[in-house]
Amino acid sequence: MIEIGTEAPDFNLRDQFGRKISLSQFRGKKHVLLLFYPLDFTAT
Amino acid sequence: MSISVDSTAVHAAFGASLGGISYPMLADFHPKGAMATDYGVYQEQYGTTERATVIVDASGLVQHASATGKRDMEALAALCKEIDSKHGELPQGDTSAGLPGASTLFVRDHCGASTAVLRARTNLHLDAMAVKNVSQSEESMKELRDLSGAETAPVLVVDGEVKAESIKILRYLADTCTAL
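Residues numbered from 1 in each chain as written. Chains lettered and ligands numbered in written order. Predicted model: local features only at pLDDT ≥ 70, side-chain atom pairs only at ≥ 80, totals over all residues. Heavy atoms only, no water.

Peer 1: Describe the interface of chain B and chain A, naming the residues involved and giving the relevant values.
Peer 2: How big an interface is tends to be expressed through the accessible area that disappears when the partners come together. Taken residue by residue, the interface counts 63 residues in chain B and 39 residues in chain A. Between the two partners, chain B and chain A, sit zero salt bridges. Taken together, the connections running from chain B to chain A amount to 26 residue pairs in polar contact (both at pLDDT 80 or more). The element that contributes the greatest number of residues to the side of chain B that touches chain A is helix α1 (residues 8-17) of chain B, accounting for seven residues. Its residues assigned to classes, the side of chain B that touches chain A shows 35 nonpolar, 18 polar and ten charged. The sheet contact formed by strand β3 (residues 32-36) of chain A and strand β5 (residues 53-56) of chain B spans four bridges and is antiparallel. Paired with Leu 35 of chain A across the bridge in β5 of chain B is Thr 53 of chain B. (Contact = heavy atoms within 4.5 Å. Salt bridge = Lys/Arg side-chain N within 4 Å of Asp/Glu carboxyl O. Polar contact = N/O pair within 3.5 Å; in protein donor to acceptor, adjacent residues only side chain to side chain. Helix = DSSP H or I, 4+ residues; strand = E, 2+ residues; numbered from the N terminus. Nonpolar A, V, L, I, M, F, W, Y, C, P; charged D, E, K, R; others polar. Pairing = 2+ DSSP bridges.)

Peer 1: Would you mind going over the sheet that holds strand β6 (residues 62-66) of chain B in detail, with residue names and values included?
Peer 2: What the five strands build is an open sheet, ordered β2(B)-β1(B)-β3(A)-β5(B)-β6(B); its pairing is mixed. Of all the strands in the sheet, just β2 (25-27) and β6 of chain B have a single pairing partner and so form its edges. Averaged over neighbouring strand pairs, the angle between their axes works out to 20 degrees when direction is ignored. Here four bridges tie β5 of chain B to β6 of chain B, and the two strands are oriented antiparallel to one another. Bridge pairing in β6 of chain B links Ile 55 of chain B to His 64 of chain B. Relative to β2 of chain B, α1 of chain B is tilted by about 155 degrees, and along the sheet it contacts β1 (2-4) and β2 of chain B. (Axes fitted to C-alpha atoms, helices over the stretch in contact; angles between N-to-C directions.)

Peer 1: Describe the confidence of the model for chain A, listing the residues and the values that go with them.
Peer 2: When the pLDDT values of chain A are averaged, the result is 95; 98% of them are 70 or greater. Averaged pLDDT values for the elements of chain A fall to 96 in β3 of chain A and rise to 98 in strand β1 (residues 12-14) of chain A. (pLDDT = per-residue confidence, 0-100.)

Peer 1: Give me the pairing of β3 of chain A: which residues, what numbers.
Peer 2: A large share of β3 of chain A lies buried, amounting to four of its five residues. Across two bridges, the pairing between β3 of chain A and β1 of chain B is parallel. The residue bridging Phe 36 of chain A from the neighbouring strand is Ile 3 of chain B, located in β1 of chain B. (Buried < 20%, exposed > 50% of the residue type's maximum accessible area, 1.4 Å probe, protein only.)

Peer 1: Explain the pattern of salt bridges to me, using residue names and the numbers behind them.
Peer 2: Residue and element names in this part refer to chain B. Going through the model one piece at a time under the given rule, you end up with nine salt bridges over all chains. Across the pair Glu 161 and Lys 163 runs a salt bridge, and its minimum N-O distance is 3.1 Å. Glu 161 sits in the partly exposed class, given a relative accessible area of 49%. A relative accessible area of 17% means that Lys 163 is categorised as buried.

Peer 1: Mind laying out the nonpolar core, listing which residues take part and the relevant values?
Peer 2: Formed by 23 residues in total, the largest nonpolar core has its most connected members in Phe 11, Leu 34 and Phe 36 of chain A together with Met 1, Met 35, Tyr 39 and Val 54 of chain B. Residue assignment for this core shows that the elements contributing at least two residues are β3 of chain A together with α2 (34-38) and β5 of chain B. With three residues, β3 of chain A is the largest single contributor of residues to this core. Leave out the neighbours within four places in its chain, and Met 1 of chain B touches Phe 11, Ile 21, Phe 26, Val 32, Leu 33, Leu 34 and Leu 35 of chain A together with Tyr 23, Pro 24 and Leu 26 of chain B. Counting 17 residues, the second largest nonpolar core, distinct from the first, contains Val 117, Ala 120, Leu 156 and Cys 177 of chain B. (Core = buried A, V, L, I, M, F, W, Y, C linked by side-chain atoms within 4.5 Å.)

If you want it as C-alpha cells, here you go:
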C-alpha cells in the first residue's frame, strides 16, 4: 500500500456521469479522500 | 471520491439504488485495477480492490493510507479536519449554482439513454426536475414535439432551453449540479 509522505500517482478515470476525473485537477485546490472498495451491489 | 473496478454504468445504477450519490464514483475499469495497482490496493487473485482509504492533500502528498476493513468514519472526519487545518489556505471553491431554472426531463420506455439520465437525476438529487414519459402519455409526446421538433428522447428542457443526447445531458447536469 502506498506510503504516507509520498507523492500520490495521478489518474484519469470516468465517473458515473461520464466525466473524466483526475487527481491533478484538485492540485492546489482541494484535499482528496479516496475510498476504495471491492464491488458495487455486494457486501464484499 | 469512491473507486472500484465496476464500470461507470454500474456505478450510476448503484448510486441511484442507494438514493443518489453525487460525489464522483470512479470506474477503475480499463485497464482493470490500474489505478488501484498504482496505490498498492489491487488484489490480483480476486480482481477487485481492497476496502482501503487514502487521503491526498492539495499538494499531492499522501497523508493517510489504511485498509482495515470497516471504515471508522468519525476518525476519518477528524483526520480530514486535522489535515485541512495544518495545510496552507486553499482557494474558496466554486459552489455550484444548480440548474438555472425550471427543468423537465422527457424520457421513453425501453431506452438505455433515458435510464441513464434518470439515474443521474437521482444521483444528483434533482427531485425538482419534472419527468414526463412520452411512451406513456400522448400529451407528453405532443409537448416534446412542440418543444424540440422531434420525438426523440431523452430530452432535457431547462429554463426553456432544449438539450438532447444523453451524453450531453449527463455532462451538463454533472457540470452544473456538482462542485468539484
